Structure formats: structure tokens, C-alpha cells
Amino acid sequence: MTATDPNKLVIAISSRALFDLGESHAVYQDQGLQAYSEYQIAHEEEPLEPGEAFPLVQKMLRLNSLLGDEAQVEVVLLSRNSADTGLRVFTSIQHYGLPITRAAFCGGESPWRYINAFGCQLFLSNEAEDVRYALDCGVAAATLVSNKGGNNDSEQLRFAFDGDAVVFSDEAERVFKSEGLEAFSASEQAAARTPLSGGPFKPFLAALHRLQQAFPASEAPIRTALVTARSAPAHERVIRTLRAWNIRIDESIFLGGLNKTEFLRAYQADVFFDDQETHCQLASPHIATGHVPHGIANTRPS
């Protein structure tokens, strides 16, 4: 398969998300680029410690052993390092036995411009601006905001998604923000049979669904959950939208404004994606959490 094969799931990840670069990043911030480069070269034979997204990447790459002879999941490294300073990153990849062979080292520039060229459906980074650029390119992307790695107790990979402005567009959330809960509920009831438009994570969810189809539902190595602040009667439009898209989601949790954290812990999510910074902050001490800076909740002052 090629990197742009539509049936292949390609995930782009930054080096700071994959490995713990906190110590060397502090050198960069305190002493500048030259000192950072010298530090990385001096330590290039020392493997980096796993970063926040490392358990998730491990689980994603393990899927290939279950999906047949030809790899259907690929992880691409996108880094602001130069190839010279990035040698330590590849040394670490080899140390942990990760089958990652493609990378772009951009020498201080943002790597987002290579996301579409690699055919990526998801980009995970610690750099919020890079994530915003990726979203502008039409790729699902999130800023990792927690220090909590994924759940390693199970081989199954569990994704949790917020609904509005993540899986779905923010059209309904705009009504809520501008007119309040009562108007939102009335609008969603009136449009219950009109599918919502897709949000930035719709293509990624569809790609996960394609992988799930290779297994019986009870044996799938991937499980998905929608964890939304919506409640009845605003649930109907969501259910009918997913049905219209022909996308299976394994669990749907309608919380009616309750804190999502305990439900995410009960679900044992490996990673959770939400557009609301407040929800991300509450979940991040317990679950690997990605903030999706998209939609009306993330509109920046002009």
C-alpha cells in the first residue's frame, strides 16, 4: 500500500507527543537552538522516555498483526527538529521496536504542510498552532493537553469522542451559544430527521469504522464511544445522523451536562477528543486527552 491509499489509516504524530522531550525542550527554551542541538547530539545514543501518546501509538501499530499480512495502519513522525537533532528520535523509535519508517524533520518550521502529502487522517501534537493549521487543511487534529498516557491493561484500543464540533459540525452548538439551552433543544427536535454536517473527526471515525468491519463486533480490537453533553430529546438527531452516515459507534453516552471524566474512566478510554477546553482540563489528569481547537467555542478574537 502507498501512504495515500484511501483504505489505509495514517496517523501523524509530533516527536514531543511520542516521546518525553521535556528536558531537552527546557534546554531550548532557556538556552536557545544551538544549545538544544548540542544537547540532543550529545545524548543521541540515549533513548527518550515514552511520551503521552506512546501507548496509543503502540496499540495502533499492533493492529497490523490482526489485520492481515499487509499493514493497514501507519504512523508518520512529523517534527520541528532537524534531521541532525532528530537522530535521537529515530534511535528511540528503534529502541522500542516501533515500526515507524516515514518522517519529516522540518528544521524549526511547522510540519503541518506535509500532513496531506502523507495522506494522514489524524494529527496529534503538543503545538496548538500546528493543530489549527492541520484542521484548516481538513485533517482531524488535536493538541495533547494531559500528562496521562493510555490504558495499557487491555489490548483493545478505545477512542472516545465529543459530538458537536468534533464528530459533527458546530451548527447546533452555535444555536446553544447564541440562544440558550431551550432554543437548542427546540431546534434539535425540529431538525431531528435532518442529518448534521460532518465535523473534523468524521473522516477519522469513518476510517476506524472501516477497520472495525474486518472483525465481528464482539471481537473488534477497536471500540468507539460518543460522550456528549447532549440529553434527550437532542439525542435523536445524533443517532439518525450516524445512521445516515452508515458509521457504527459502539457506545453513545448522553450526559445532559454531567462531568464526563468518571464516564471516560468507566469506559477505560485510551484517548478522548473534545472541543471544550474545560472538559479537556477535567479529563486530562485521568485520560490521555486531545483538545480540538475547532468551532464556535474556539473562535479567537479578531
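These figures come from a predicted structure and were not determined experimentally.

Trainee: I keep staring at the pattern of salt bridges and nothing clicks. Help me out?
Mentor: Close approach of charged atoms allows side chains of opposite charge to pair. Inspection of every chain in the model, using the stated rule, returns 18 salt bridges. Arg 62 serves as the salt-bridge partner of Glu 155, at 3.7 Å between the closest nitrogen and oxygen. Here Arg 62 lies in helix H4 (residues 54–62) and Glu 155 lies in the loop between strand S5 (140–144) and strand S6 (157–161), a separation of 93 residues in the sequence. Residue Arg 62 is classed as partly exposed on the basis of its relative accessible area, which comes to 33%. A salt bridge links Glu 74 to Arg 102, with the shortest nitrogen-to-oxygen separation between them at 2.8 Å. Taken together, the residues Glu 74 in strand S2 (residues 73–79) and Arg 102 in the loop between helix H5 (87–95) and strand S3 (103–105) connect sequence positions 28 residues apart.

Trainee: Looking at this structure, how should I read H5?
Mentor: Residues three or four positions apart in an α-helix share a direction because the helix packs 3.6 residues into each turn. Of the positions making up H5, those classed as buried are Arg 88, Val 89, Thr 91, Ser 92 and Ile 93. At its buried positions, H5 is contacted by helix H1 (15–18), helix H3 (33–42) and S2. Positive backbone phi, approximately 70 degrees, marks Gly 97, located one or two places after H5.

Trainee: Honestly, the sheet that holds strand S4 (residues 122–125) in this entry has me stumped. Any pointers?
Mentor: Backbone-to-backbone hydrogen bonds pair the strands of a sheet. The strands run either parallel or antiparallel. Taken together, the 10 strands give an open sheet; going across it, the order is S3-S2-S1-S4-S5-S10-S9-S6-S7-S8, and neighbouring strands pair in mixed fashion. Of all strands in the sheet, those bounded by a partner on one side alone are S3 and strand S8 (251–254). Across the sheet, the mean angle from the axis of one strand to that of its neighbour is 20 degrees, orientation sign disregarded. Bridge count for strand S1 (residues 9–14) against S4 is three bridges, and the pairing is parallel. Of the residues in S4, the one forming a bridge with Ala 12 is Phe 123.

Trainee: Looking at this structure, I do not really get the pairing of strand S7 (residues 222–228). What am I missing?
Mentor: Each regular strand displays side chains that alternate between the two surfaces of the sheet. With respect to burial, S7 is a largely interior element, six of its seven residues being buried. Pairing of S6 with S7, which is carried by five bridges, proceeds in the parallel orientation. Bridging across to S7, Leu 157 finds its partner in Ile 222. Pairing of S7 with S8, which is carried by four bridges, proceeds in the parallel orientation. Its bridge partner lying in S8, Ala 225 is registered against Glu 251. Taking the sense of rotation as the criterion, the β-α-β connection linking S7, helix H10 (residues 235–245) and S8 turns out right-handed.

Trainee: What should I look at first to understand the nonpolar core in this one?
Mentor: For soluble globular proteins, nonpolar side chains are generally found buried alongside one another. Counting 72 residues, the largest nonpolar core has Leu 18, Phe 159, Phe 201 and Phe 273 as the members making the most contacts within it. Of all the elements, helix H9 (residues 202–212) adds the most residues to this core, at six residues. Counting contributing residues per domain, this core is built from domain 1 (9–144) and domain 2 (157–291), each supplying no fewer than three. Not counting residues up to four positions away in its chain, the partners in contact with Leu 18 are Ile 13, Pro 50, Gly 51, Phe 54, Val 57, Leu 77, Ile 93, Leu 98 and Ile 100.

Trainee: How should the domain arrangement of the chain be read in this particular structure?
Mentor: One frequent convention defines the size of an interface as the accessible area lost when the parts assemble. One can read the domain layout of the chain as domain 1 (9–144) and domain 2 (157–291). Each of domain 1 and domain 2 was reduced to a C-alpha centroid, and the two centroids are 27 Å apart. Counting residues at the interface gives 19 residues for domain 1 and 20 residues for domain 2. Surface buried jointly by domain 1 and domain 2 totals about 1600 Å² across both partners, of which 78% is contributed by carbon and sulfur atoms. Listed by contribution, the elements that provide at least two residues to the side of domain 1 that touches domain 2 are H4, S4 and S5. Per-element accounting of the side of domain 1 that touches domain 2 gives the leading share, five residues, to S5. By residue class, the composition of the side of domain 1 that touches domain 2 is 14 nonpolar, three polar and two charged.

Rules used throughout
- Numbering of residues starts from 1 in every chain and runs along the sequence as written.
- Per-residue local features of the predicted model are confined to residues with pLDDT of at least 70, and side-chain atom pairs are confined, for both listing and counting, to 80 or more; whole-chain, interface and lining totals are unaffected and use all residues.
- Excluding hydrogens and water, the side-chain figures rest on all heavy atoms present in the structure.
- Here, a salt bridge means any Lys or Arg side-chain nitrogen found within 4 Å of an Asp or Glu carboxyl oxygen.
- Counting from the N terminus, the helices are the DSSP runs of H or I reaching at least four residues and the strands are the DSSP runs of E reaching at least two.
- Summary of the burial criterion: residues with accessible area below 20% of their type's maximum are buried, those above 50% are exposed, and those between are partly exposed, where the area comes from a 1.4 Å probe applied to protein chains only.
- A contact between two residues is defined here by any heavy atoms of the two lying within 4.5 Å.
- When DSSP finds two or more bridges between two strands, those strands count as paired.
- Axis lines are fitted to C-alpha atoms, over the contacting stretch for helices. Their N-to-C directions set the angle, which ranges from 0 to 180 degrees.
- For crossovers, right-handed means that the path from the first strand over the helix to the second runs clockwise, given strands pointing away from the viewer.
- Side-chain atoms within 4.5 Å link the members of a nonpolar core, which is a set of buried Ala, Val, Leu, Ile, Met, Phe, Trp, Tyr and Cys residues.
- Bear in mind that the domain bounds are from an automatic or database domain assignment.
- Summed over both partners, the accessible area (1.4 Å probe) lost when two parts come together is defined as the buried area.
- Three residue categories are used. Nonpolar comprises Ala, Val, Leu, Ile, Met, Phe, Trp, Tyr, Cys and Pro, charged comprises Asp, Glu, Lys and Arg, and polar comprises the others, including Gly.

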